[in-house]
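Breakdown of the fold
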There are 2 protein chains.
Amino acid sequence: MELWYTEKQTEYFGITAKIKETLVAEKTEFQDLAIIDTVEFGRMLVLDGMVMTTVKDEFVYHEMVAHPALYTHPNPKKVLVVGGGDGGVIREIMKHPEVEKAVLVDIDGKVIEYSKKFLPEIACELDNPRVEVIVNDGYMHIHDHKNEYDVIMVDSTEPVGPAVELFTKGFYQGIYDALKDDGIFVAQTDNPWFKADLIRNVNRDVREIFPVVRVYWANIPTYPSGLWTFTIGSKKYDPLAVDESTIPEINTKYYSPRIHKAAFALPKFVEELCK
Amino acid sequence: MELWYTEKQTEYFGITAKIKETLVAEKTEFQDLAIIDTVEFGRMLVLDGMVMTTVKDEFVYHEMVAHPALYTHPNPKKVLVVGGGDGGVIREIMKHPEVEKAVLVDIDGKVIEYSKKFLPEIACELDNPRVEVIVNDGYMHIHDHKNEYDVIMVDSTEPVGPAVELFTKGFYQGIYDALKDDGIFVAQTDNPWFKADLIRNVNRDVREIFPVVRVYWANIPTYPSGLWTFTIGSKKYDPLAVDESTIPEINTKYYSPRIHKAAFALPKFVEELCK
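Residues numbered from 1 in each chain as written. Chains lettered and ligands numbered in written order. Predicted model: local features only at pLDDT ≥ 70, side-chain atom pairs only at ≥ 80, totals over all residues. Heavy atoms only, no water.

What to know about the UniProt feature "binding site: S-methyl-5'-thioadenosine" (unreviewed entry) in chain A
All names here are of chain A. UniProt tags Q31, D106, D137, G138 and P162 as "binding site: S-methyl-5'-thioadenosine" (unreviewed entry). Counting through the fold element by element, D137 comes out in the loop between β8 (131-135) and α5 (138-144). Given the relative accessible area of 19%, D137 is considered buried. D137 has contacts with V105, I107 and E165, leaving out every residue within four places of it along the chain. Position of G138 relative to the elements: it lies in helix α5. According to the relative accessible area criterion, G138 is buried, its value standing at 7%. Beyond its immediate chain neighbours, meaning those up to four positions away, G138 contacts V82, V105 and F171. (UniProt positions renumbered as here; feature names shortened; annotations may be inferred. Helix = DSSP H or I, 4+ residues; strand = E, 2+ residues; numbered from the N terminus. Buried < 20%, exposed > 50% of the residue type's maximum accessible area, 1.4 Å probe, protein only. Contact = heavy atoms within 4.5 Å.)

Here it is, written out as structure tokens:
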């Protein structure tokens, strides 16, 4: 029997991957959760029918959420990750010795549990003593923690299901309030080929709250269109003002001192969305 | 009836697109040629079962083949395109008034004929008086034209079918000989996620012939992995030495003076392939 997993990334376009095995398929309190083993990309975490991460290409997303912001802030001691229960962003944050504490707040404890069990390459730092894992609504956590974080990273699903509120202006205001006076946040903000309006709207909302707003991108093969954007809102520090020669060569496969600024050079049609 | 076109980009991974209509499906002297109308990406040219271009995303590939090399050479008067019978690269070349003549050599006249008929947005400059269209084997044309071109662009299919010889060291040597003393060439060189060996081999071969070798990339949603590489071999001019402030803002949707150098910043795992 030949099994293929197909994700309709839009109503009319999708990707399809041959699978070896279904490891998890269950309805959690918040979403449909599956972990399948694909031939091409290895194990794959799927939430509500959308690929969240795969063992083969996860490094791109996780490195590109974590490092641009952490190398922009000169002294990131306390970091919050909203979502990201698979632990990939936490793993990258742990490469920064200056981070004293990283707090992960995911609404769905099952994502954490199954990632630890079936995606150990990704979840491997969730038990690091510098990490605190909280199962809670990120929106609520932000609301209850004012002026506390140096860096906040929003590693959400796409804006359907439990992540809808993580793309609202109210949430960005909450993030602003939860950050210290020189804090910086970054969020994954989908792709410009199929979700141009989302990028335009997020950009507009974040600009109304943060003085420094920058959009950058990376190639992620299993995400719709392969072009994924990230939006930074910063109270003080500008990622483009970083002296690249001061960024160390750490153990990464996508991010590098050379990629740091280049990632902010947007294709012209994406620049237009962010004006 | 609901029709979907599925391309297996590897043995175990593919894309799938809902189609409205099949406009052409025939076996030419050289390859299987199809033009289908998809809902998501508009009309799509498919050769030997591989997406060559679509109306929605074609601008990325065509701009990124043409402009980096043309803005690196200070005076590109005569340009050769090998392959590219759809005319997209020619359309971009025609945006450069300094180009006096562009020669297109495609082995398959049917690609040219059907592109003119069904893809007029792409083929629109093939009848420009500055353009000469030749139906011939690009390998032979290169062999017969020594020291003639300022810029040569290889817009081939992937290295199966008629394009196999366009990825050989002998072909790159032929290109070197067909270029003038300060000539520059660029070729599409596939993706690093599924074809790492190809990129490594092309890089090694081109380095043995050209003193300046640079690899850059762009996001093309309908190509495997969404990350496409291009390799430049140059006798004299370095694309990274270009003063970006001298590049004009022309009518493009992907390429820009800001993208020119940023495109050469490779993800770290791709840098490793090109060492």
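Let's pick the thread back up.
What to know about the environment of W4 of chain B
All names here are of chain B. By the secondary structure assignment, W4 is in strand β1 (residues 3-10). Along the primary structure W4 and K261 are separated by 257 residues, whereas in three dimensions their C-alpha atoms are 38 Å apart. A distance of 3.0 Å separates polar atoms of two side chains, one belonging to W4 and the other to E2. (Polar contact = N/O pair within 3.5 Å; in protein donor to acceptor, adjacent residues only side chain to side chain.)

Structural notes on the sheet that holds strand β10 (residues 179-188) of chain B
Residue and element names in this part refer to chain B. If you walk across this open sheet you meet the seven strands as β8-β7-β6-β9-β10-β12-β11, and the pairing is mixed. Only two strands of the sheet have a single partner each, and these edge strands are β8 (131-135) and β11 (212-219). The mean inter-strand angle of the sheet, taken between neighbouring strand axes irrespective of direction, is 15 degrees. Sheet topology places β10 next to strand β12 (residues 227-234); five bridges connect them, and they run antiparallel. Bridge pairing links I184 to S234 in β12. (Pairing = 2+ DSSP bridges. Axes fitted to C-alpha atoms, helices over the stretch in contact; angles between N-to-C directions.)

Some points on the pattern of salt bridges
As enumerated under the stated definition, the model contains 40 salt bridges over all chains in all. Between D205 of chain A and R204 of chain A there is a salt bridge whose closest N-O contact spans 3.3 Å. Under the relative-accessibility criterion, D205 of chain A is labelled buried at 10%. One salt bridge connects K268 of chain A with E249 of chain B, and the closest N-O pair in it is separated by 3.2 Å. You can see K268 of chain A sitting in helix α9 (residues 268-273) and its partner E249 of chain B sitting in the loop between β12 and α8 (257-262), one on each of two chains. (Salt bridge = Lys/Arg side-chain N within 4 Å of Asp/Glu carboxyl O.)

Quick word on the domain arrangement of chain A
Often, the extent of an interface is quoted as the loss of accessible area on bringing the components together. All names here are of chain A. Parsing chain A into structural domains produces domain 1 (3-54) and domain 2 (58-273). In this structure, domain 1 and domain 2 have C-alpha centres spaced 23 Å apart. At the junction of the two partners, domain 1 supplies 22 residues and domain 2 supplies 23 residues. Among the residues of domain 1 in contact with domain 2, F30, M52 and T53 are the three that bury the most area, contributing 22% of the side total. Applying the counting rule to domain 1 against domain 2 returns zero salt bridges. Counting across the domain 1 and domain 2 interface gives six residue pairs in polar contact (both at pLDDT 80 or more). Counting residues per element, the ones that place at least two in the side of domain 1 that touches domain 2 are β1 (3-10), β2 (13-27), β3 (32-38), β4 (42-47) and β5 (50-54). In the side of domain 1 that touches domain 2, the residues fall into 13 nonpolar, six polar and three charged. (Domains from an automatic or database assignment. Buried area = accessible area lost by both parts, 1.4 Å probe. Nonpolar A, V, L, I, M, F, W, Y, C, P; charged D, E, K, R; others polar.)

So, unusual backbone geometry
All names here are of chain B. Positive phi, normally seen in glycine, also occurs at D190, with a value near 65 degrees. Turning to its location among the elements, D190 is positioned in the loop between β10 and α7 (196-207). The backbone of S225 sits at a positive phi, close to 75 degrees, despite the residue not being glycine. Note that S225 resides in the loop between β11 and β12.

Here we look at the UniProt feature "active site" (unreviewed entry) in chain A
All names here are of chain A. Residues given the UniProt feature "active site" (unreviewed entry) here are D155. Looking at where D155 falls in the secondary structure, it is placed in strand β9 (residues 149-155). Setting aside residues no more than four positions away along its own chain, D155 makes contact with Y61, H62, V81, V82, G83, G84 and V89. Side chain to side chain, D155 and Y61 meet in a polar contact 2.6 Å long.

Brief notes about the sheet that holds strand β7 (residues 101-106) of chain A
All names here are of chain A. Ordered in space as β8-β7-β6-β9-β10-β12-β11, the seven strands form an open sheet in which the pairing is mixed. Two strands bound the open sheet, and with one partner strand each, they are β8 and β11 (212-219). The sheet shows a mean angle of 15 degrees between the axes of neighbouring strands, direction not considered. Relative to the sheet, helix α7 (residues 196-207) contacts β10 (179-188), β11 and β12 (227-234), its axis offset from that of β11 by approximately 150 degrees.

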